[in-house]
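Results of the structural survey
Here is what each chain is made of, one letter per residue.
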Amino acid sequence: DIDTPYKNGNWELLADILLKSNAIGRMPKTVIIKILPIIISGLETATKEHEDSFSYHYRLGQMYHLAGKYVDRKYFGKSIDVLKKAKEISPKRQVTDLLLAQVYYLERDIEKAINIAEDLVKKNPDIGEVYWLAGILYDAQGEYEKSYVYMTAAVEKGRKPKNMSENMLYISVLGRFN
C-alpha cells in the first residue's frame, strides 16, 4: 500500500475509468469479479476518511451496484445505504436518485423505484432520461399504458434508445399501442 496524498482520489479515478471506458462490457467477468472488490475496499476507506464527500460515496454506490450485478446480490443493499448517504450529503443531485431507482429495480422493489422516478419527473420535467427510467419501471410492473406515455415523452424530449436492448424494449412498448 503506497501512501500518497492522492490515495483516495486514485480509487475514484479507477472507478471512473471502469465506468467511462465501458470496460464492464468489454472485460471478462472473471476480471470484473477480481477488480471490483479491490476498488470497493479503497473507496470504503475513502468514505471513512472523508465522511462528507459526495463523490466518494456516490462512486462507492456505483461500484456496489456493479458488484451486485457481477459478484453477489448482497452488494445491492450496500449500494442503497451508501447512495442514501450520498443523497444526504448532496440532496439535489439527480444522478443519485437515478442510480438509487435502478438499484431498487434490481432488488425487485419496483414500487420504491417508481416513487423515485416520479419524483425525478416532477423535479426535472425537461429531462428525457428521467421519463425513460419511469417508462422502464412501469413496463417492468406491467403498467404498459404508463410505460408508453413515459417512453414516448422521453423520446420527444431527446432521449433515444442507446443500444439494441433499449431499441427492442422501445419497439415492444410502441407495438402494444400502435
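Predicted model, so just to flag it, every value in this text is computed and none were measured.

1. Concerning helix α5 (residues 74-89)
Compared with the 22 Å implied by 1.5 Å per residue over 16 residues, the 24 Å span of α5 between its first and last C-alpha is a close match. The complete set of buried residues in α5 reads Tyr75, Phe76, Ser79, Ile80, Val82, Leu83 and Ala86. Along its buried surface, α5 packs onto α3 (29-49), α4 (54-70) and α6 (94-106).

2. Considering the pattern of salt bridges
The final tally for this structure, using the stated rule, is 10 salt bridges. A salt bridge links Asp109 to Lys112; its shortest N-O distance comes to 3.7 Å. Residue classification places Asp109 among the partly exposed residues on the basis of a relative accessible area of 26%. The partner of Lys146 in a salt bridge is Glu143, with the nearest N and O atoms 3.5 Å apart. Residue Lys146 is classed as partly exposed on the basis of its relative accessible area of 40%. The exposure class of Glu143 is partly exposed, given its relative accessible area of 28%. Within this structure, Glu129, Arg159, Lys162 and Glu166 form a network of salt bridges that share partners.

3. Focus: a nonpolar patch on the surface
Taken together, the side chains of Met164, Met168 and Ile171 make up a nonpolar region of the molecular surface, amounting to roughly 340 Å² of accessible area. Counting through the fold element by element, Ile171 comes out in helix α10 (residues 164-175). According to the relative accessible area criterion, Ile171 is exposed, its value standing at 52%.

4. Brief notes about unusual backbone geometry
For Arg108, which is not a glycine, the phi torsion comes out positive at approximately 70°. Looking at the element boundaries, Arg108 is found in the loop between α6 and α7 (110-123).

5. Quick word on the packing of aromatic side chains
Summed over all chains, the structure comprises five aromatic pairs. Both rings, one in Tyr131 and one in Tyr150, keep their centres 6.0 Å apart while their planes meet at 35°; by these two values the pair is tilted. A residue pair is termed long-range when its members are at least 10 positions apart, and Tyr131 in helix α8 (residues 128-141) and Tyr150 in helix α9 (residues 144-156) qualify at 19 residues. On the accessibility criterion, Tyr131 (11% relative accessible area) is buried.

6. Examining the nonpolar core
Core analysis: the largest hydrophobic core is formed by 33 residues, its most contacted members being Tyr131 and Leu133. Elements that contribute at least two residues to this core include exactly α4, α5, α6, α7, α8, α9 and α10. Discounting residues that sit within four places of it in the chain, Leu133 has contacts with Leu98, Ala101, Gln102, Ala117 and Leu120. Formed by 15 residues, the second largest nonpolar core is a distinct cluster that contains Ala46, Tyr56, Ala67 and Val82.

7. Considering the packing of α5 against α6
The geometry of a pair of packed helices is captured by two quantities: the angle between their axes and the separation between those axes. Where α5 meets α6, the closest approach of the two axes is 10 Å, and the angle between their N-to-C directions is 160°. Relative to α6, the element α5 is oriented roughly antiparallel. Relative to α6, the crossing made by α5 is left-handed. Taking contact as the criterion, the partners of Phe76, Ser79, Ile80, Leu83, Lys84, Ala86 and Lys87 in α5 are, on α6, Thr96, Asp97, Leu99, Leu100, Val103, Tyr104 and Leu106. Residue composition of the contact of α5 with α6, by class: nine nonpolar, two polar and three charged.

Procedures and definitions
Residues numbered from 1 in each chain as written. Predicted model: local features only at pLDDT ≥ 70, side-chain atom pairs only at ≥ 80, totals over all residues. Heavy atoms only, no water. Helix = DSSP H or I, 4+ residues; strand = E, 2+ residues; numbered from the N terminus. Expected span 1.5 Å × (residues − 1). Buried < 20%, exposed > 50% of the residue type's maximum accessible area, 1.4 Å probe, protein only. Contact = heavy atoms within 4.5 Å. Salt bridge = Lys/Arg side-chain N within 4 Å of Asp/Glu carboxyl O. Patch = residues over 30% accessible without salt bridge, like charges linked within 9 Å, V, L, I, M, F, W, Y side chains within 5 Å. Areas by Shrake-Rupley, 256 points an atom, 1.4 Å probe, with all protein chains shown as cover. Phe/Tyr/Trp six-rings, centres within 6.5 Å; stacked < 30°, edge-to-face > 60°. Core = buried A, V, L, I, M, F, W, Y, C linked by side-chain atoms within 4.5 Å. Axes fitted to C-alpha atoms, helices over the stretch in contact; angles between N-to-C directions. Parallel < 35°, antiparallel > 145°, perpendicular 65-115°, else oblique. Left-handed = near helix turned anticlockwise from the far one by under 90°. Nonpolar A, V, L, I, M, F, W, Y, C, P; charged D, E, K, R; others polar.

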